[in-house]
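Residue-level structure breakdown
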Protein chains: 2
Amino acid sequence: MTETNVSFRALSASCKTCSLAELCLPRGLQAEEFQRLDDVIKARRVVHAGDLLFKEGNDNRSIYAVRSGSVKTFAITESGEEQVLGFHLPGEIVGLAGLDESIHNCSSKALETSSICEMPLDDLEDICLQIPSLQKQLLKLISREISQDHKMLLLLAKKNSDQRVATFLLSLSGRFKLRGLSSESFMLSMSRQDIANYLGLAVETVSRILTKFGDDNIVEVTRRSIQIVDHDRLLEVAST
Amino acid sequence: MTETNVSFRALSASCKTCSLAELCLPRGLQAEEFQRLDDVIKARRVVHAGDLLFKEGNDNRSIYAVRSGSVKTFAITESGEEQVLGFHLPGEIVGLAGLDESIHNCSSKALETSSICEMPLDDLEDICLQIPSLQKQLLKLISREISQDHKMLLLLAKKNSDQRVATFLLSLSGRFKLRGLSSESFMLSMSRQDIANYLGLAVETVSRILTKFGDDNIVEVTRRSIQIVDHDRLLEVAST
DNA sequence: CGGCTGCTTGAAATGAGTCAACATAGGTGG
DNA sequence: CCACCTATGTTGACTCATTTCAAGCAGCCG
């Protein structure tokens, strides 16, 4: 086995592991190390809209990589309502919040037909001990998760409804771009209900704002298809 | 060096490290391991109200344990406002969000005269490789941080102002209790401004609600001193 | 072709914010 | 030691953004 770094191309070529890019790419693993990581990963699994990836209270500690499709994570409040905590697109990791107490403290559901890779955490922790750079990378990912949550706290605490929706659209746009997809034209895989829930707004408010953005020629919205027409104005709205 | 587990009493006896209970206690480190951890910790440091522990963009990656006093963490928004992300009481760890990108992505400021232990992350990561249980414990702590943030997202997205303030008081109460302090009677080290900012409310709203809780004989509030009179009613308000 | 679910739109209700004035505590300096 | 000054906190009146309630519309599936 050679000592060359595993490139993004090589990762992508490996069917089982291509969605692990986020976990191992930034530091560049040695091929041997990469193989060890590869062994941990269970075969990918196809889920359909509404299927649960994992459930609050689950004792099966794993993290999941979205290969294709999309999922949402959510918690259930004392009063039984759902709180959407985040949406996860292809290439992103889900389940990093569930490392405590050996159980997941939130649930995850597929928004559409999706392909998912599962990595049992016990195994992952073990090879982290063997591959220091992987441990660092895992910590980084989790830390990034916290940063993301902090952005969300800020959004909920300080931004008005226009800013929230604009920020949401820009976040999706940026993440699509990162994965090489169109940042200006995409489909929403989540319902207005999910968006509203996530942004702490009423469905009606989200609907009204999308219509308004449409009237103002900032985006073109047709049902779940989004076309960002004026990226700059959207940016302006998001931070104003 | 004996192989006995380090007890809480032993930890507490160690001046330098007593606030590390949260990091090493739950799994019980061996004495030798404990010594290695102890070596990482820089001497404790006394900070005064308004002093910065660390600053956004700092390249000095460390986590901090609050030994006495209290601190807040906060981020600065694009428009220059402050967003309070959390308050940290004695025995709690600060700075877990800053492991990514080699910089802290939020800042931390002392709310009163406080004693703080600093642990450089590079050293901590190194000994994590030698002490697997410590790695798990660190992951758990970070994961708990995420859970806490999720609770906060839920609060900001779903709860009204009464519920937010009630939840806040109960959170403090519970954390004081956990550290062996009175859960029914305590001092707020943070200003109304900080509370309001944290809860996504206006100062006036926080003030009004505290007054109302006082009128309803749920708590007694005198400036920054809080006495919880009717814990059950407070619980009821928080979740209603 | 219904019927269902998800989305949009309008009108009315309301919770929280804003603005402004006032109160009190703690600190400073004459 | 007292008088003043500034910080922080409280209270009231008014405004407004967002929610709630209610109705109508459109795409989709059996």
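Note that the structure is predicted; figures quoted are calculated from it, not measured.

Of all hydrophobic cores here, the largest spans 85 residues; its most connected members are F213 of chain A together with F213 of chain B. Those residues in contact with F213 of chain B that sit more than four places away from it in its chain are D162, V165, A166, L169, I218, V219, L234 and V237 of chain B. If you look at the next biggest cluster of nonpolar residues, it comprises 39 residues, including I63, L124, I127 and I142 of chain A.

Here we take up the relation of the copies chain B and chain A. If you rotate chain B by 180 degrees and push it 0.0 Å along the axis, it lands on chain A with an RMSD of 0.0 Å. Both copies are brought into coincidence by an operation consistent with a two-fold rotation axis.

Below, the discussion takes up the protein's contact with DNA strand D. In the neighbourhood of DNA strand D, 16 residues make up the surrounding shell, with S161 and T205 of chain A together with R192, R208 and T211 of chain B lying closest. Put simply, 62% of the atoms of DNA strand D that lie within 4 Å of the protein are in sugar or phosphate. The contact in question runs from a phosphate oxygen of DNA strand D to an N or O atom on the backbone of A202 of chain A, over 3.3 Å. Separating a phosphate oxygen of DNA strand D from a side-chain N or O atom of R224 of chain B is a distance of 3.2 Å.

Inspection of the entire model under this criterion finds 10 aromatic pairs over all chains. The interplanar angle of 65 degrees and the centroid separation of 6.0 Å between the aromatic rings of F168 of chain A and Y198 of chain A together place this pair among those described as edge-to-face. Taken together, the positions of F168 of chain A in helix α6 (residues 161–178) and Y198 of chain A in helix α7 (residues 192–199) put the pair 30 residues apart, joining distant regions of the chain. Seen from their ring centres, F87 of chain B and Y198 of chain B are 5.0 Å apart, and the 65 degrees between their planes marks the pair as edge-to-face. Of the two residues, F87 of chain B is situated in strand β5 (residues 82–88) and Y198 of chain B in helix α7 (residues 192–199); the sequence distance between them amounts to 111 residues. Taken individually, F87 of chain B and Y198 of chain B each receive the classification buried, so the pair is uniform in this respect.

The next subject is unusual backbone geometry. Although it is not a glycine, R223 of chain A sits at a positive phi angle of roughly 55 degrees. By the secondary structure assignment, R223 of chain A is in the loop between β10 (219–222) and β11 (225–228).

Glancing now at the pairing of strand β11 (residues 225–228) of chain B. All names here are of chain B. Taking every second residue as pointing to the same face, the buried face of β11 carries I226 and I228, while none of S225 and Q227 on the other face is buried. Pairing of strand β9 (residues 185–187) with β11 involves 3 bridges; the strand directions are antiparallel. Each bridged residue has a counterpart across the sheet, and for M187 the counterpart in β11 is S225. Sheet topology places strand β10 (residues 219–222) next to β11; 4 bridges connect them, and they run antiparallel. What sits directly across from E220, in β11, is Q227. Between β10 and β11, which pair antiparallel one after the other, the connecting turn spans 2 residues, and R223 there sits at a positive phi close to 50 degrees.

This part takes up the domain arrangement of chain A. Residues and elements named next belong to chain A. Taken as a whole, chain A is organised into domain 1 (10–156) and domain 2 (160–239). Taken together, the contacts link 20 residues of domain 1 with 15 residues of domain 2. Ranking the residues of domain 1 by area buried against domain 2 places F87, L89 and L155 at the top, with a combined share of 39%. One salt bridge in this structure joins R175 and E92, with 2.9 Å as the shortest N-O distance. Linking domain 1 with domain 2 are 9 residue pairs in polar contact (both at pLDDT 80 or more), by the criterion used here. Elements supplying a minimum of two residues to the side of domain 1 that touches domain 2: β5 (82–88) and α5 (132–158). Counting residues per element, the side of domain 1 that touches domain 2 draws most heavily on β5, at 7 residues.

Residues and elements named next belong to chain A. If you walk through the whole model with that rule in mind, you get 0 disulfides over all chains. The closest cysteine sulfur to the non-disulfide-bonded C106 is located on C117, 19 Å from its own sulfur. A residue is classified by how much of its surface remains accessible, and C106, at 5% relative accessible area, is buried.

Let's shift gears to α7 of chain B. With 6 of 8 residues buried, α7 of chain B lies mostly within the body of the structure. In this structure, the buried residues of α7 of chain B make contact with α5 of chain A together with β4 (71–76), β5, α5 (132–158), α6 (161–178) and α8 (203–215) of chain B. At the exit of α7 of chain B stands G200 of chain B, carrying a positive phi of roughly 70 degrees.

Facing the 41 residues of chain B at the interface are 41 residues of chain A. Both faces combined, the contact of chain B with chain A buries some 4000 Å², and carbon together with sulfur accounts for 61% of it. At the junction of chain B with chain A, the criterion picks out 2 salt bridges. Where E78 of chain A meets K159 of chain B, a salt bridge forms, and the shortest distance between an N and an O atom there is 3.9 Å. At the junction of chain B with chain A, the criterion picks out 8 residue pairs in polar contact (both at pLDDT 80 or more). Residue assignment for the side of chain B that touches chain A shows that the elements contributing at least two residues are β5, α4 (121–130) and α5 of chain B. At 20 residues, α5 of chain B tops the list of elements feeding residues into the side of chain B that touches chain A. Tallied by class, residues from the side of chain B that touches chain A come to 16 nonpolar, 11 polar and 14 charged.

Here is what the cut-offs are and how they apply
Each chain has its residues counted from 1, running along the sequence as written. Think of it this way: whatever chain is written first is A, whatever ligand is written first is 1, and the rest follow in order. In keeping with the model being predicted, local features are shown solely for residues with a pLDDT of at least 70 and side-chain atom pairs are shown and tallied solely at 80 or more, while totals for entire chains, interfaces and linings include all residues. Where side-chain values are given, they derive from all heavy atoms of the structure, hydrogens and water being excluded. Throughout this description, the term nonpolar core refers to a set of buried Ala, Val, Leu, Ile, Met, Phe, Trp, Tyr and Cys residues connected via side-chain atoms within 4.5 Å. Burial classes: relative accessible area under 20% of the type maximum marks a residue as buried, over 50% as exposed, and values in between as partly exposed (1.4 Å probe, protein chains only). In this description, contact between two residues means that some pair of their heavy atoms is separated by no more than 4.5 Å. Fitting of the copies onto one another was done by least squares over C-alpha atoms, counting residues only where both copies have pLDDT of at least 70. Here a residue is near a molecule or strand as soon as one of its heavy atoms is found within 4 Å of it. In protein, a polar contact requires one atom able to donate a hydrogen and another able to accept it; more generally it is a pair of N or O atoms within 3.5 Å, and residues adjacent in sequence count only if both atoms are side-chain atoms. A pair of aromatic rings is counted whenever rings of Phe, Tyr or Trp (Trp by its six-membered ring) have centres within 6.5 Å, and the orientation is called stacked for planes under 30 degrees apart, edge-to-face for over 60 and tilted otherwise. Numbering goes from the N terminus for both helices and strands, where a helix is a DSSP run of H or I of at least four residues and a strand is a run of E of at least two. Strand pairing is assigned whenever DSSP identifies at least 2 bridges connecting the two strands. Segmentation of the chain into domains, including their bounds, is taken from an automatic or database domain assignment. Joining two parts hides part of their accessible area as seen by a 1.4 Å probe, and the buried area is that hidden amount summed over both. Each reported salt bridge corresponds to a side-chain nitrogen of Lys or Arg within 4 Å of a carboxyl oxygen of Asp or Glu. Disulfides are defined as pairs of cysteine sulfur atoms found within 2.5 Å of each other. Nonpolar residues are Ala, Val, Leu, Ile, Met, Phe, Trp, Tyr, Cys and Pro. Charged residues are Asp, Glu, Lys and Arg, and all others, Gly as well, are polar.

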